[in-house]
Amino acid sequence: MGDIALKGQGRAFKNCAGRDSECKFSTKIIDKTPRKKLASGSTPAWQRKEGKNPSGGLNRKGIASYRAANPGSKLSMAVTTKPSQLKKGSKSANRRKSFCARMSGMKSKLTSAKTARDPNSRINKSLRKWNC
């Protein structure tokens, strides 16, 4: 018969109609989250130029479209306050420190040398915006 989705599991199993020996989990993943379709049929704003900030990162429209496309997301605006003005150990200071450590590693490991040197690359713009 057909596959039946397990509630909360994200996997499917074959309807075995009472025969335990044939009931095995399949590797098929079921996406349980409903996705909102865009009226224009194009990509969300966070993936396009209109959702990106020219100085790096996403603007408010980009963040709003990301949250709409990914329910339960906790994406928030960048911490643009200078490190000297942040209270040590505060939530903002810890977010900034974590972001800078993560993105600096991505810059060195996951980008080409040309992109790492380019001051107008998205990664360098975002690192500048976060004062890394």
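Described in the following lines is the structure provided in the data block.

**Structural notes on the nonpolar core**
Nonpolar side chains tend toward joint burial in soluble globular proteins.
Argument step 1. Counting residues in hydrophobic clusters, the biggest one holds 9 residues: Val 79, Leu 86, Ala 93, Phe 99, Cys 100, Met 103, Ile 123, Leu 127 and Trp 130.
Argument step 2. Elements represented by at least two residues in this core include exactly helix H2 (91–110) and helix H4 (122–129).
Argument step 3. Ranked by residue count, the leading element in this core is H2, at 4 residues.
Argument step 4. Beyond its immediate chain neighbours, meaning those up to four positions away, Leu 86 contacts Val 79, Thr 81, Ser 92, Ala 93 and Arg 96.

**Section: the environment of Arg 96**
Argument step 1. Within the fold, Arg 96 resides in helix H2.
Argument step 2. By relative accessible area, Arg 96 is classed as buried at 15%.
Argument step 3. Contacts of Arg 96, omitting those with residues within four sequence positions, involve Val 79, Thr 81, Pro 83, Leu 86, Trp 130, Asn 131 and Cys 132.
Argument step 4. Of note is the side chain of Arg 96, whose polar atom sits 2.7 Å from the backbone oxygen of Asn 131.

**Points about the pattern of salt bridges**
Argument step 1. Scanning the model with the defined rule gives 2 salt bridges in all.
Argument step 2. Ionic pairing is found between Arg 48 and Glu 50, a salt bridge with its closest N-O pair at 2.5 Å.
Argument step 3. Residue Glu 50 pairs with Lys 61 through a salt bridge whose shortest N-O separation is 3.2 Å. With Glu 50 in the loop between strand S3 (25–29) and helix H1 (60–69) and Lys 61 in helix H1, the pair connects residues that are 11 residues apart, well separated along the chain.
Argument step 4. The class for Glu 50 is partly exposed, based on a relative accessible area of 40%.
Argument step 5. Each of Arg 48, Glu 50 and Lys 61 takes part in salt bridges that share partners, so that together they form one network.

**Remarks on the state of the cysteines**
Argument step 1. Counting across every chain of the model gives 1 disulfide.
Argument step 2. At a sulfur-sulfur separation of 1.9 Å, the disulfide partner of Cys 100 is Cys 132. Residues Cys 100 and Cys 132 are joined by a disulfide whose S-S torsion is about -75°; by sign, that bridge is left-handed. Of the two residues, Cys 100 is situated in helix H2 and Cys 132 in the segment after H4; the sequence distance between them amounts to 32 residues.
Argument step 3. For Cys 132, a relative accessible area of 45% translates into the label partly exposed.

Reading guide: rules and limits
- Numbering of residues starts from 1 in each chain and follows the order in which that chain's sequence is written.
- Predicted model: local features are reported for residues with pLDDT of at least 70 only, side-chain atom pairs are reported and counted for 80 or more only, and whole-chain, interface and lining totals are derived from all residues.
- Water and hydrogen atoms were dropped before computing side-chain values, which therefore reflect all heavy atoms in the structure.
- The nonpolar core is taken to be a set of buried Ala, Val, Leu, Ile, Met, Phe, Trp, Tyr and Cys residues, with the residues joined through side-chain atoms within 4.5 Å.
- Summary of the burial criterion: residues with accessible area below 20% of their type's maximum are buried, those above 50% are exposed, and those between are partly exposed, where the area comes from a 1.4 Å probe applied to protein chains only.
- In DSSP terms, a helix is any run of H or I states spanning at least four residues, a strand is any run of E spanning at least two, and both are numbered starting from the N terminus.
- Residue contacts are defined here by distance: any two heavy atoms, one from each residue, within 4.5 Å place the two residues in contact.
- Contacts described as polar in this section are N or O atom pairs within 3.5 Å, which, within protein, must combine one atom able to donate a hydrogen with one able to accept it, while residues neighboring in sequence count only if both atoms come from side chains.
- Note on definitions: salt bridges are taken to be side-chain nitrogens of Lys or Arg within 4 Å of carboxyl oxygens of Asp or Glu.
- Sulfur atoms of two cysteines make up a disulfide when they are within 2.5 Å.

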